[in-house]
Amino acid sequence: MFIVGLTGGIASGKSTVAAVFRENGIPVVDADAIAREVVEPGTNAWKKIKEVFGEEVLLPTGYLNREKLGEIIFADATKRRMLNEWTHPEIHRTIMFEALKHFLTGNNYIVLDLPLLFESGVMLQYIHKVICVTCTPEQQLERLMKRNTMAKTLAQQRIAAQMPLEEKCEKAHYVIDNTNELEETRKQAQRIVGILNESWEHWRIRLYIAVLALVVFSPLLYWQYRSTST
């Protein structure tokens, strides 16, 4: 099994592309969904957030008020870095665990939906190909404001906290242009699905693992053979 990284900027259209992969039966591990799980009430990260930021970032239910927390951390790089230090290690461990589960079920490849793939750099060494979804800066700002019912200043802060889309596209293997109609974006994603489905990379990895297993277990097999033949 090999791993494909799906990235882009906030509100650039990653969810649309991820949906195309899911429709084709390819597992997608969503880092944003995992990020929500690791800060659920009672988790270590939740306790640290409550201790440092106070009750004001909690809803009456005990769950995080993500909008309020976002206003704080996107206005203060130090606090944003603190939050990342509390959450990112657990997020990455969970992602790797999910990837391992898919590997054991025999999938040829999976997609990791990682908005901060290049910013963190942690998962890059495990990824075979990277897809970046892009749009114009004006579209990104407009879509974010509309999607989150967010003031322009707050939306600009969130976009500025990420690596520029242009730079991400330069680092990616495939770029999906999400500036036009939704159907055009889906067609580009489907084309990449076709390319990845034809890849033999998963066989190379399986062969590598088989050879590694043979090297590791050969002494044990030889010892068993010797002990039973004497």
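Bear in mind that the values here come from a model prediction, so they are computed numbers and not experimental data.

*Asks:* Describe the sheet that holds strand E5 (residues 174-177), and please don't skip the residues or the numbers.
*Replies:* A sheet is described by the order of its strands in space; here five strands give the open sequence E2-E3-E1-E4-E5, paired in parallel fashion. Each edge of the sheet is formed by a strand with only one pairing partner; in this case those strands are strand E2 (28-30) and E5. The average angle at which neighbouring strand axes cross in this sheet is 20°, direction not considered. Pairing of strand E4 (residues 129-134) with E5 involves four bridges; the strand directions are parallel.

*Asks:* Residues and numbers for the pairing of strand E3 (residues 109-113), please.
*Replies:* Among the five residues in E3, five count as buried, and that is most of the element. Across the two faces of E3 the burial is the same, with Tyr-109, Val-111 and Asp-113 and Ile-110 and Leu-112 all buried. Relative to E3, strand E1 (residues 2-8) is paired through five bridges, and the arrangement is parallel. Residue Ile-3 lies in a different strand from E3, and its bridge partner there is Ile-110. Judged from the three bridges that link them, E2 and E3 form a sheet pairing that is parallel. The partner of Asp-30 across the bridge, within E3, is Asp-113.

*Asks:* Explain the nonpolar core to me, and be specific about the residues and the numbers.
*Replies:* Inside soluble globular proteins, nonpolar side chains tend to come together where they are buried. Counting residues in each nonpolar core, the largest one holds 37 residues, and the members touching the most others are Ile-49, Phe-53, Leu-69, Ile-95, Leu-112 and Leu-114. Contributions of two or more residues to this core are made by helix H2 (31-37), helix H3 (44-53), helix H4 (66-73), helix H5 (77-104), E3, helix H6 (117-120), E4 and helix H9 (165-171). Considering every element that reaches this core, the biggest residue donor is H5, with five residues. When near neighbours in sequence (up to four residues on either side) are disregarded, Ile-95 contacts Val-29, Ala-31, Ile-34, Leu-112, Leu-114 and Met-123. Counting 19 residues, the second-largest nonpolar core is a separate cluster that includes Phe-2, Val-133, Val-193 and Leu-196.

*Asks:* Any details on helix H7 (residues 137-148)? Residues and values, ideally.
*Replies:* With twelve residues, H7 extends 17 Å between its outermost C-alpha atoms, agreeing within 8% with the 16 Å of an ideal straight helix rising 1.5 Å per residue. Next to the buried residues of H7 lie helix H8 (152-160) and H9. Positioned one or two residues after H7, Thr-149 has a phi angle of 45°, which is positive.

*Asks:* Let's hear about the packing of aromatic side chains: which residues, and what values?
*Replies:* Going through the model one piece at a time under the given rule, you end up with two aromatic pairs. Seen from their ring centres, Phe-2 and Tyr-109 are 5.0 Å apart, and the 10° between their planes marks the pair as stacked. Of the two residues, Phe-2 sits in strand E1 while Tyr-109 sits in strand E3, which places them 107 residues apart along the sequence. On the basis of relative accessibility, which here comes to 1%, the residue Phe-2 falls in the buried class. According to the relative accessible area criterion, Tyr-109 is buried, its value standing at 4%.

*Asks:* Explain unusual backbone geometry residue by residue, including any values.
*Replies:* In the Ramachandran plot, Ala-11 falls in the positive-phi region, its phi being about 65° despite a non-glycine side chain. Structurally, Ala-11 is set in the loop between E1 and helix H1 (14-23). Residue Ala-11 is classed as buried on the basis of its relative accessible area, which comes to 10%. Unlike most non-glycine residues, Thr-149 shows phi in positive territory, near 45°. You can see Thr-149 is positioned in the loop between H7 and H8. On the basis of relative accessibility, which here comes to 72%, the residue Thr-149 falls in the exposed class.

Cut-offs and rules
Residues numbered from 1 in each chain as written. Predicted model: local features only at pLDDT ≥ 70, side-chain atom pairs only at ≥ 80, totals over all residues. Heavy atoms only, no water. Pairing = 2+ DSSP bridges. Helix = DSSP H or I, 4+ residues; strand = E, 2+ residues; numbered from the N terminus. Axes fitted to C-alpha atoms, helices over the stretch in contact; angles between N-to-C directions. Buried < 20%, exposed > 50% of the residue type's maximum accessible area, 1.4 Å probe, protein only. Core = buried A, V, L, I, M, F, W, Y, C linked by side-chain atoms within 4.5 Å. Contact = heavy atoms within 4.5 Å. Expected span 1.5 Å × (residues − 1). Phe/Tyr/Trp six-rings, centres within 6.5 Å; stacked < 30°, edge-to-face > 60°.

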